Amino acid sequence: MLNPQDLQRLIDIITEEVLAAQGVRSPSSRCACHAVVDDCCPDRLRSVFDAGATRIGLHATGGAPAGVAAMIDHTLLKPDATRSDIEKLCREAAEFHFATVCVNPVWVAESARLLRGSGVGVCSVVGFPLGATTSDVKHFETRRAIFDGAIEIDMVINVGALKSGDLRTVERDIESVIEPCRQCGVISKVIIEAALLTDQEKVTACTLTKAAGADFVKTSTGFGPGGATVADVALMRRAVGREMGVKAAGGVKGIDDARAMLEAGATRIGASVGVKIAQEAGGAKPTATAAAY
């Protein structure tokens, strides 16, 4: 375990590297052109691969990514979601073969029952949407969601602690969720709520997330002041490297948005318009039932 001083030093170094790669010069940064900036590179595909995209072959020609459905968490997190809404969500997920349905904890058991044998998993949120829950509560919430059938967990970090510079508290908070996920073989995703953070804070959050051993870092809850942006996804991809997943969520409204996020380095998309994206990816006109939840 790094001590706080060494951890901060590591974060500062990574921040300089990432910002330089994005073309942003900080007072202490090294050469800003030590890495290729995507927008200036004549070799578009190579820049996308270097950014960390792992499914480039699906959309390398510029067409709709044929396998995009398998990269979507079909999402319904509204507090007024009804049982019939959840049943419809699960039917759609099974039909289009989405990666998961992402639901609030109260609907995990029912979703797991509805999707049993479909090949579609259930993702639960934890500490959602503010992240302002104590770590022991997040730990219990994670264990309960796994008990109820969740195979993926999307947790929200303690944003206030991060912005206060209390990195040890943020680290412990993330670990409180990662530990039970790792013990149970469950995929963990850490939501940093990027719209509330500076670029340096985004890199810090990504660094702590990677150090804790999470499987993904995720842009947004969809309930904050802003959702996923191409710039944030690219920044997060550079911060965590190629091996870790990046989930873009919030504001993904169709196949064009999804393609932009994938090209920037996302390997998972969270969206309430999963059906619309899948239909557009297949070249079909979205149906009237493909509206967002």
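Now for a look at the structure at hand. Note that the coordinates shown come from a computational prediction; the quantities given were computed from them, not determined experimentally. (Residues numbered from 1 in each chain as written. Predicted model: local features only at pLDDT ≥ 70, side-chain atom pairs only at ≥ 80, totals over all residues. Heavy atoms only, no water.)

Here we come to the overall build of the protein. For the protein, the helix and strand inventory stands at 11 helices and eight strands. Residues classed as buried in the protein amount to 51% of the 293 residues present. A sequence separation of at least 24 residues applies to 64% of the contacts in the protein between residues at least 6 apart. For the protein, the exposed surface amounts to about 12900 Å²; the carbon and sulfur share of it is 55%. (Helix = DSSP H or I, 4+ residues; strand = E, 2+ residues; numbered from the N terminus. Buried < 20%, exposed > 50% of the residue type's maximum accessible area, 1.4 Å probe, protein only. Contact = heavy atoms within 4.5 Å. Areas by Shrake-Rupley, 256 points an atom, 1.4 Å probe, with all protein chains shown as cover.)

So, on to helix H10 (residues 255-264). Within H10, seven of the 10 residues are buried, which leaves it mostly tucked inside the rest of the structure. Three or more residues of H10 are buried, namely Ile255, Ala258, Arg259, Met261, Leu262, Glu263 and Ala264. Looking one or two residues past H10, glycine 265 carries a phi angle of roughly 125°, positive in sign.

For the bond running from phenylalanine 128 to proline 129, omega is 0°, close enough to zero to count as cis. The phi torsion at histidine 97 lies on the positive side, around 60°, for a residue other than glycine. Assignment of secondary structure puts histidine 97 in the loop between helix H3 (83-96) and strand E2 (100-103). You can call histidine 97 exposed: its relative accessible area is 54%. One non-glycine residue, glutamate 193, lies in positive phi territory at about 50°. Counting through the fold element by element, glutamate 193 comes out in the loop between strand E5 (187-191) and helix H8 (199-212).

The biggest cluster of nonpolar side chains holds 75 residues, and the ones touching the most others in it are Ile153, Ile174, Ile192, Ile269 and Ile277. Excluding residues within four positions of it along the chain, isoleucine 153 makes contact with Cys123, Ser124, Val126, Thr142, Ala145, Ile146, Val177, Cys181, Val186, Ile187, Ser188 and Lys189. Membership of the second largest hydrophobic core comes to seven residues, among which are Cys102, Cys123, Val125 and Val156. (Core = buried A, V, L, I, M, F, W, Y, C linked by side-chain atoms within 4.5 Å.)

Looking now at the packing of helix H5 (residues 135-148) against helix H7 (residues 167-184). One way to put it is that H5 packs onto H7 with a least axis distance of 8 Å and a crossing angle of 20°. It follows from the interaxial angle that H5 and H7 lie roughly parallel. For the pair H5 and H7, the crossing hand works out as right-handed. Contact with H5, carried on its side by Ser135, Lys138, His139, Thr142, Arg143 and Ile146, involves Arg172, Asp173, Ser176, Val177, Glu179, Pro180, Cys181, Gln183 and Cys184 of H7 and no other residues of that element. A per-class count over the contact of H5 with H7 returns five nonpolar, five polar and five charged. (Axes fitted to C-alpha atoms, helices over the stretch in contact; angles between N-to-C directions. Parallel < 35°, antiparallel > 145°, perpendicular 65-115°, else oblique. Left-handed = near helix turned anticlockwise from the far one by under 90°. Nonpolar A, V, L, I, M, F, W, Y, C, P; charged D, E, K, R; others polar.)

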